[in-house]
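Remarks on the overall topology
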Amino acid sequence: MRPSRNTFWDRWRRFGATDECPRVRSAAVTATVGLLGWVEIRVRRYLPVAGQLAIRLYSTIAFMDRHEHWERVFATKGERDVSWFETVPEVSLRLMEAAGLTSETCVLDVGGGNSRLVDYLAARGLDCLAVLDISEAALRQAQGRLGATARIPTWIASDVTGDWSLKPMDIWHDRAVFHFLIDPGDRARYLIRLRDVLKRDGTAIIATFAPDGPETCTGLPVARYSPESLARELGETFALVESVPSVHVTPWGARQSFQYSRFARVH
Ligand SMILES: C[S@@+](CC[C@H](N)C(=O)[O-])C[C@H]1O[C@@H](n2cnc3c(N)ncnc32)[C@H](O)[C@@H]1O
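Read on for an overview of the structure.

Moving on, we come to the sheet that holds strand 8 (residues 238-249). On the basis of which strands lie adjacent, the open sheet formed by seven strands has the order 3-2-1-4-5-9-8 and mixed pairing. With one partner strand each, in any of the chains shown, strand 3 (154-157) and strand 8 form the two edges of the open sheet. Between one strand and the next, the sheet's axes are offset by a mean angle of 15°, whatever the strand orientation. Note: strand 1 (residues 107-110) against strand 4 (residues 169-175), four bridges, orientation parallel. Bridge pairing links aspartate 109 to histidine 173 in strand 4. The strands that helix 6 (residues 184-197) touches are strand 1, strand 4 and strand 5 (198-209); relative to strand 5, the one it contacts most, it runs at about 140°.

We now examine the pairing of strand 3. Here is the key point about a regular strand: its side chains alternate between the two faces of the sheet. In the sheet, strand 2 (residues 129-133) pairs with strand 3 via four bridges, with the strands oriented parallel. By the bridge assignment, alanine 130 is partnered in strand 3 with threonine 154. For the crossover that starts at strand 2, traverses helix 5 (residues 136-146) and ends in the parallel strand 3, the hand is right-handed.

The next thing to look at is the nonpolar core. In terms of nonpolar packing, the biggest core is built from 47 residues, with Val107, Leu108, Met169, Ile171, Trp172, Ala204 and Ile205 touching the most fellow members. Looking at which element gives the most residues to this core, the answer is strand 5, with six residues. Setting aside residues no more than four positions away along its own chain, alanine 204 makes contact with Trp172, Leu194, Leu198, Phe238, Phe263 and Arg265.

Moving on, we get to the site of the ligand. In the vicinity of the ligand lie 19 residues, with Trp70, Gly111, Gly113, Ser115 and Arg175 positioned nearest. Residue classes in the shell around the ligand are distributed as nine nonpolar, six polar and four charged.

Cut-off values and rules
Residues numbered from 1 in each chain as written. Predicted model: local features only at pLDDT ≥ 70, side-chain atom pairs only at ≥ 80, totals over all residues. Pairing = 2+ DSSP bridges. Helix = DSSP H or I, 4+ residues; strand = E, 2+ residues; numbered from the N terminus. Axes fitted to C-alpha atoms, helices over the stretch in contact; angles between N-to-C directions. Contact = placed C-beta atoms within 7 Å. Right-handed = clockwise from strand over helix to strand, strands pointing away. Core = buried A, V, L, I, M, F, W, Y, C linked by C-beta atoms within 7 Å. Buried ≥ 20, exposed ≤ 12 C-beta atoms within 10 Å, placed from the backbone. Near = placed C-beta within 6 Å. Nonpolar A, V, L, I, M, F, W, Y, C, P; charged D, E, K, R; others polar.

This is how it looks when you write it as structure tokens:
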């Protein structure tokens, strides 16, 4: 016969099978329940921390991947090989005029890439301009196109959700960048930057794919918005002033539904 291993659990089972020492047994049961409760509290307390760490890790990896992704896009494609190319950024300029654009206005183009918006703003006499983009290659292309005018804007090579700073601006313009932020943590960081940089009475103009727009761009998934759902994302700091539905025609003739929304910062 195999000798009893007499482990803790063997002894616990024998203990539970007798009717001896009921008071000791009930104390032991209470202690066990207490211990399990303590373990549960610890797990519940540290699970969110573990979750946060996982999200942080995911964001860091996504952050690095994003940079490489956009560098590759701009290194391998010409200006007219990308779906978002537009000769004249008409809707953006119209919304800026509606927000009271003058030559004194300070404008930041977030995720401006090699967009021609900055050319038009500089030609209109603005000298308080900034272009931020995750891709240095995109910024270099824009600088090359602008030539001597490239001295005017402040160029910021950064992820919009990363650590960067700028003096207060009157207009925050974003065409087709916010919709790439499908992680809620990224959107929260975007909004922190928006509130940090935009003046108290400033304007945010944000264009995204509309609900019937494409589901991906350059192979990346996007979140599509109506003006109302975008307003909900921005929260109470911003009031929706006007929105413009717009169908963008890509250089190869495909049609993409966008929505442009103009928000006033209200506090
Ligand atoms: C679809 S393109 C739009 C470019 C420009 N806004 C336009 O309308 O022509 C998206 C741009 O956002 C940049 N971008 C993507 N994710 C970004 C991020 N997290 N932070 C900053 N720029 C980003 C890309 O490098 C690219 O230039």
